[in-house]
Amino acid sequence: MKNFCMVCATLLFTSQASAQEVVVGLGFSDFSDGSALDAATLQLEYTATPFKSTERWDHHFGGILTVDNESDVFVGFGVLSRYSLQNDWFLEGSFRPGLFFEGVSLNDLGQTLEFRSALAVGRYVGESSAVSLELSHKSNGGLSSTNPGVNKLSLRYHHSF
């Protein structure tokens, strides 16, 4: 009985640990406002253990921090869904509302509250690693009279633990 409990605890811990993920991405932001300063970006993400899973879908909560070389900062939290394809490929979509702080006034997106949506395609390259290409968009959804938005293309490295 003791061995059975140890095996169950190990399986439970292993399944939870392998579902968490840290993601590091490098990209380029293209602001829709022509006078804004486009920028190179660094993003850090944390993806929690799935709150719902099916055969091909996993749904997670997660946070993101993005900084760029113009001192713009975005911090967001929301949901992420991943769909498993064949041959270790996957599709990912996310919606993470958050707070945007412009580093220079030219990069003003209209207000602090911004909505970030993203689509990515990726491939698992090891037992605990993946790479993906992500296209994201941030805007205030028309909540402000100023709503230029910003698009970003990022290459990301995923590490699950």
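Preceding this section is the structure that the text describes.
Let me begin by describing the structure that accompanies this report.

**Considerations on the pairing of strand β9 (residues 150-160)**
Piece 1. Burial of the side chains of β9 is restricted to one face: Val-150, Lys-152, Ser-154, Arg-156, His-158 and Ser-160 are buried, whereas none of Asn-151, Leu-153, Leu-155, Tyr-157 and His-159 on the reverse face is.
Piece 2. For strand β1 (residues 21-31) and β9, the ladder comprises eleven bridges, and the chain directions are antiparallel. Each bridged residue has a counterpart across the sheet, and for Glu-21 the counterpart in β9 is Ser-160.
Piece 3. One ladder, built from ten bridges, connects strand β8 (residues 129-139) with β9; its direction is antiparallel. The residue of β9 that forms the bridge with Ser-136 is Lys-152.

**What about the nonpolar core?**
Piece 1. If you look at the biggest cluster of nonpolar residues, it comprises seven residues: Phe-31, Ala-36, Ile-64, Phe-74, Phe-100, Leu-109 and Val-150.
Piece 2. Setting aside anything within four residues of it in sequence, one finds Ile-64 in contact with Gln-43, Leu-44, Glu-45, Phe-74, Val-75, Gly-76, Arg-96 and Arg-116.

**Notes on the packing of aromatic side chains**
Piece 1. Overall, the coordinates contain five aromatic pairs when judged by the stated rule.
Piece 2. Ring centres 4.5 Å apart and planes at 25° place the aromatic pair Phe-51 and Phe-61 in the stacked group. Residue Phe-51 is found in the loop between β2 (39-47) and β3 (52-53), and its partner Phe-61 is found in strand β4 (residues 57-68); the two are separated by ten residues along the sequence.
Piece 3. By relative accessible area, Phe-51 is classed as partly exposed at 47%.
Piece 4. For Phe-61, a relative accessible area of 39% puts it in the partly exposed group.
Piece 5. With centroids separated by 4.9 Å and ring planes inclined at 55°, the aromatic side chains of Trp-57 and Tyr-83 adopt a geometry described as tilted.

The rules behind these values
Residues numbered from 1 in each chain as written. Predicted model: local features only at pLDDT ≥ 70, side-chain atom pairs only at ≥ 80, totals over all residues. Heavy atoms only, no water. Buried < 20%, exposed > 50% of the residue type's maximum accessible area, 1.4 Å probe, protein only. Helix = DSSP H or I, 4+ residues; strand = E, 2+ residues; numbered from the N terminus. Pairing = 2+ DSSP bridges. Core = buried A, V, L, I, M, F, W, Y, C linked by side-chain atoms within 4.5 Å. Contact = heavy atoms within 4.5 Å. Phe/Tyr/Trp six-rings, centres within 6.5 Å; stacked < 30°, edge-to-face > 60°.

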